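One letter stands for each residue in the lines below.
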Amino acid sequence: MLGSIPFSIWVWWLNGQVVSRFEGQKWQVPSEVYSAPIILRSGALWKKQDLENLLEETGYRFGRNSQNVGWAARSNIKVSAHLRAYVDHLGFHESQRRIFSFNNGHLVIQKLNGDEVVEARIEPQRIGFLYDGNTESRQILTYDEIPKPLLDILIAVEDQDFYEHWGISLTGIARAVVVNLTHGSRRQGGSTLTQQLVKNMYLSSERTYTRKLTEVVMSLLLEYHYSKEAIITAYMNEVYLAQLGSNALHGFAAASQHFFGRPINELNIDEFALLVGMVKGPSLYNPQRSPNRAKTRRNVVLAILKEQGRLTNGDYNSLIKQPIRLASKQKSRSVYGDYLDLVAMQLSRDFDETTLATKNLRIYTGVDIRAQRAANSAMRRQVAQLEKRDPKLKGLQGAMVVTDRLSGQVRAIVGSSGDHYTGFNRALGAVRPIGSLVKPPLYLSALATGRYTWWTKIEDKRIRFNVGGKVWAPENYDRKTHGVVHLYEAMAKSYNLATVSLANDIGFDRVGDTLRQLGVKRSFTMHPAMALGSLELSPFEVSRLYQPIVSQGASSELGVVLAVMDQDDRLIKRFNQLNDIPFTDALLAVTLDGMAKTPKIGTARAAQAVFPKLNFAAKTGTTNQQKDSWYIGITGDYSSTVWLGDDNNVPLSITGSSGAQKVWIDFTQHTNPISLPDSLPYGAARFDVLDSKFEIAADRCEDKIPLAFILGTEPKDSTSCFWPF
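Read on for a plain summary of the structure. (Residues numbered from 1 in each chain as written. Predicted model: local features only at pLDDT ≥ 70, side-chain atom pairs only at ≥ 80, totals over all residues. Heavy atoms only, no water.)

With that out of the way, let us pick up the packing of helix α5 (residues 193-202) against helix α7 (residues 228-238). Where α5 meets α7, the closest approach of the two axes is 10 Å, and the angle between their N-to-C directions is 50 degrees. The pairing of α5 with α7 is recorded here as oblique in orientation. In the packing of α5 onto α7, the handedness of the crossing is left-handed. Together, Leu 193, Thr 194, Gln 196, Leu 197, Asn 200 and Met 201 of α5 and Ile 231, Ile 232, Ala 234, Tyr 235 and Glu 238 of α7 make up the contact between the two elements. Each residue belonging to the contact of α5 with α7 can be placed in one class, and the counts come to 7 nonpolar, 3 polar and 1 charged. (Axes fitted to C-alpha atoms, helices over the stretch in contact; angles between N-to-C directions. Helix = DSSP H or I, 4+ residues; strand = E, 2+ residues; numbered from the N terminus. Parallel < 35°, antiparallel > 145°, perpendicular 65-115°, else oblique. Left-handed = near helix turned anticlockwise from the far one by under 90°. Contact = heavy atoms within 4.5 Å. Nonpolar A, V, L, I, M, F, W, Y, C, P; charged D, E, K, R; others polar.)

To continue, consider the sheet that holds strand β8 (residues 96-103). Read across the sheet, 5 strands follow the order β3-β4-β5-β8-β9 without closing on themselves; strand pairing throughout is mixed. Two strands close off the open sheet at either side, each with one partner strand: β3 (61-62) and β9 (106-110). Bridge count between strand β5 (residues 78-83) and β8: 6 bridges; the pairing is antiparallel. Across the sheet, residue Ser 80 finds its bridge partner in β8, namely Ile 99. Packing of helix α2 (residues 48-57) onto the sheet brings it into contact with β3, β4 (71-74), β5, β8 and β9, and relative to β5 it is tilted by some 25 degrees. (Pairing = 2+ DSSP bridges.)

To continue, consider the pattern of salt bridges. For the coordinates displayed, the defined rule picks out 31 salt bridges. Where Glu 32 meets Arg 126, a salt bridge forms, and the shortest distance between an N and an O atom there is 3.4 Å. Note that Glu 32 is positioned in strand β1 (residues 32-34) and Arg 126 in strand β11 (residues 126-129), a separation of 94 residues in sequence. In this structure, Asp 647 engages Arg 426 in a salt bridge whose closest nitrogen and oxygen atoms are separated by 2.7 Å. Taken together, the positions of Asp 647 in the loop between β28 (638-645) and α24 (656-669) and Arg 426 in helix α15 (residues 426-429) put the pair 221 residues apart, joining distant regions of the chain. Under the relative-accessibility criterion, Arg 426 is labelled buried at 7%. One connected set of salt bridges, linked through shared partners, spans Lys 48, Glu 52, Glu 56 and Arg 74. (Salt bridge = Lys/Arg side-chain N within 4 Å of Asp/Glu carboxyl O. Buried < 20%, exposed > 50% of the residue type's maximum accessible area, 1.4 Å probe, protein only.)

Here helix α3 (residues 148-158) crosses helix α10 (residues 291-307) at 90 degrees, and the two axes come no closer than 10 Å. Taken together, the axes of α3 and α10 lie roughly perpendicular to each other. Between α3, through Ile 153, Ala 156, Val 157 and Glu 158, and α10, the contact on the second element is made entirely by Arg 297, Val 301, Ile 304 and Leu 305.

Let us now look at the sheet that holds β11. Pairing is mixed in the open sheet, where 5 strands are placed in the order β11-β1-β15-β24-β25. The outermost strands of the open sheet, each flanked by one partner alone, are β11 and β25 (571-574). Each strand of the sheet is rotated relative to its neighbour by a mean of 20 degrees, with strand direction disregarded. Pairing of strand β15 (residues 362-365) with strand β24 (residues 561-565) involves 4 bridges; the strand directions are antiparallel. Bridge pairing in β24 places Arg 362 opposite Met 565.

Bringing the nonpolar core into the picture now. Formed by 112 residues in total, the largest nonpolar core has its most connected members in Leu 40, Leu 55, Phe 100 and Leu 347. It is helix α12 (residues 333-347) that provides the largest number of residues to this core, a total of 8 residues. With residues up to four places along the chain from it excluded, the contact list for Leu 55 reads Tyr 60, Phe 62, Ala 72, Val 79, Ala 81, Leu 83 and Ile 122. Within the second largest apolar cluster, 51 residues are counted, among which are Leu 197, Ala 242, Leu 274 and Ala 303. (Core = buried A, V, L, I, M, F, W, Y, C linked by side-chain atoms within 4.5 Å.)

Our focus in this paragraph is the state of the cysteines. If you walk through the whole model with that rule in mind, you get 1 disulfide. Disulfide partner of Cys 701: Cys 721, at an S-S distance of 1.8 Å. Linking Cys 701 and Cys 721, the disulfide has an S-S dihedral of approximately 110 degrees and is accordingly described as right-handed. Placement of Cys 701 in the loop between β30 (696-697) and β31 (704-710) and of Cys 721 in the segment after β32 (718-719) is noted, with a sequence separation of 20 residues between them. Judged by its relative accessible area of 25%, Cys 721 falls in the partly exposed class. (Disulfide = S-S within 2.5 Å.)

The terminal C-alpha atoms of α10 lie 24 Å apart, and with 17 residues this matches the ideal 24 Å at 1.5 Å per residue to within 8%. Within the sequence span of α10, burial applies to Ala 294, Arg 297, Arg 298, Asn 299, Val 301, Leu 302, Ala 303 and Leu 305. For α10, the elements touching its buried residues are α3, α9 (269-278) and α11 (313-319). Positive phi shows up at Gly 309, right after α10, with a value of about 80 degrees. (Expected span 1.5 Å × (residues − 1).)

Bringing the environment of Ala 374 into the picture now. Considering the arrangement of structural elements, one finds Ala 374 in helix α14 (residues 369-389). We classify Ala 374 as buried; its relative accessible area is 8%. Along the backbone, Ala 374 and Leu 221 are 153 residues apart, and their C-alpha atoms lie at a distance of 54 Å. Residues within four places of Ala 374 in sequence aside, it is in contact with Phe 667, His 670 and Thr 671.

The next subject is the environment of Ile 654. Looking at where Ile 654 falls in the secondary structure, it is placed in the loop between β28 and α24. Given the relative accessible area of 4%, Ile 654 is considered buried. Counting along the chain gives 261 residues from Ile 654 to Leu 393, while the straight-line C-alpha distance between them is 8.9 Å. Setting aside residues up to four positions removed in sequence, Ile 654 forms contacts with Leu 386, Leu 393, Leu 396, Thr 622, Gln 626, Ser 629, Leu 644 and Gly 659.

Written out as structure tokens, the structure is:
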């Protein structure tokens, strides 16, 4: 009796360990970051192959089972898909079966009965974790979410008596003892699923009889306190299945996404068998490292199912012939790493790092996975081509920020020109002179006075300034003067002399005030050189500066995180953007309309040549000694800021037109662009105006240009251009 006291105390202590861990937060799981849903709209430009590729990238399988969720089918002219249901901060979205056809390159979306619908949505994609570091990758399943075929296969292979035993299997232990005694060493363990769970959750991997005794006692205690459903659910989430660098992959749900790119409930029998087979040796049977060995092990599992009568001979023979089809490795941090930097930066103001690293929050963002991949690819391709064309450009770097034109949500961000995430995000950290990208805000300042319109004429002539006792004499890029020009010409063709003269006329301080009102938060002192772009900003800050203009007053802030939810789909925090713009929508729209002249007659004509039917706005920028190449392009859906330069700030052989513009063209070719709308908001209107005289021109007039005006500043006279004979 005295000898039993220490044993009882030990069992009592083990009981406390079992209960506290199992009833508390079992796992520290990093927060998951999700993209925006992919919205497919009827009427949008789409190629059939592009839609098929997108469905495959998001885990949809093509086959005869297209009536099942997560499956798709295709014919020569159509694609159908059963889109998944999902939950986000806006609520529950039901699964939908949709048929997609292509009318002269335009998408048509229909229900099964033929009714056309406006849009269809592909569920948000998980793009990564926050602060995962050396932690574990998991996706937590509830018992109801465990697919029954997976449950049956696991029990059939690992523990046939699971529902009958009390945590340990006496027959299994006896069998293991016989094997071990026969071989004179410890060859077999005889562990139940409960024992495996205890070993993974509570104990080390050492192989001693003391640890085995502890395992047995804790297994009995676990079975005493908790139901079989609770135990098998914990096992499904705890089981170790792979090592991914510094991260351990735990649980069948996370393994399904990693290896197959699909939710666990969409796997086939052979895929379930592969995952169950990996339990015996996660490293040995990893299909990415040892596909042949993994296939052999999978077939052993299928053979066990056949022997137990769970598979017919026909099904078995069919399944063992199936190849192992793994998901593409494109969904890596190298694609979304720069965006995750931005997410972490925003959330750091509201959540501590420990919470984000351990509480399995679900973070919904505005990233567009198509735009992100297109931006990454465009940056890599074009920088590689520029370096090939001019070896002196070796080491050229770049950054890109893509925002939704109206909402200001950041859709994509690229922080380097390399193939992989580098850790230095130039979109946020490369603060460089912005060159001629300062000009549209400057011209907005002039239009805001009411004394200038896009038709107003100014002189492009040399001018000198005394700055701090030194003479500053700016020059045009071509070292020439261009005489009297209209405002729209001066901006479209990026004439420095006309621009700095205009800034001098309206006052440099006024220009500085406008920059701050548009969103420049960085401290700067206004002086004449600022009017030509000596102001230093990061690409992200440039995008923020332009957002009020490109949205025509619809938004002013850039959005990243939309909402944060917990693992039970409860909303924790919703992020709303401020919209405080001290300019009228009409003024902003007129400014944007003037920027649309740059592709037509100015420094962005190369882009217009590639997209002859696209109505878009743009501005190129080149800094002193061509150390920085800038471009901003604005279509109906996106506003994109591109920067190219060298980290060592050395002169380059490219300008905004010959460098950054190429990246934008490449990106836009892969994102099905839509034109800017022709309509203007209340208070603005577009008129055809004579080029030579400030009069509204009739249709028959040839010497005319369409220009946007703030109402009240348009020409008061008109002409018919009719001359009697």
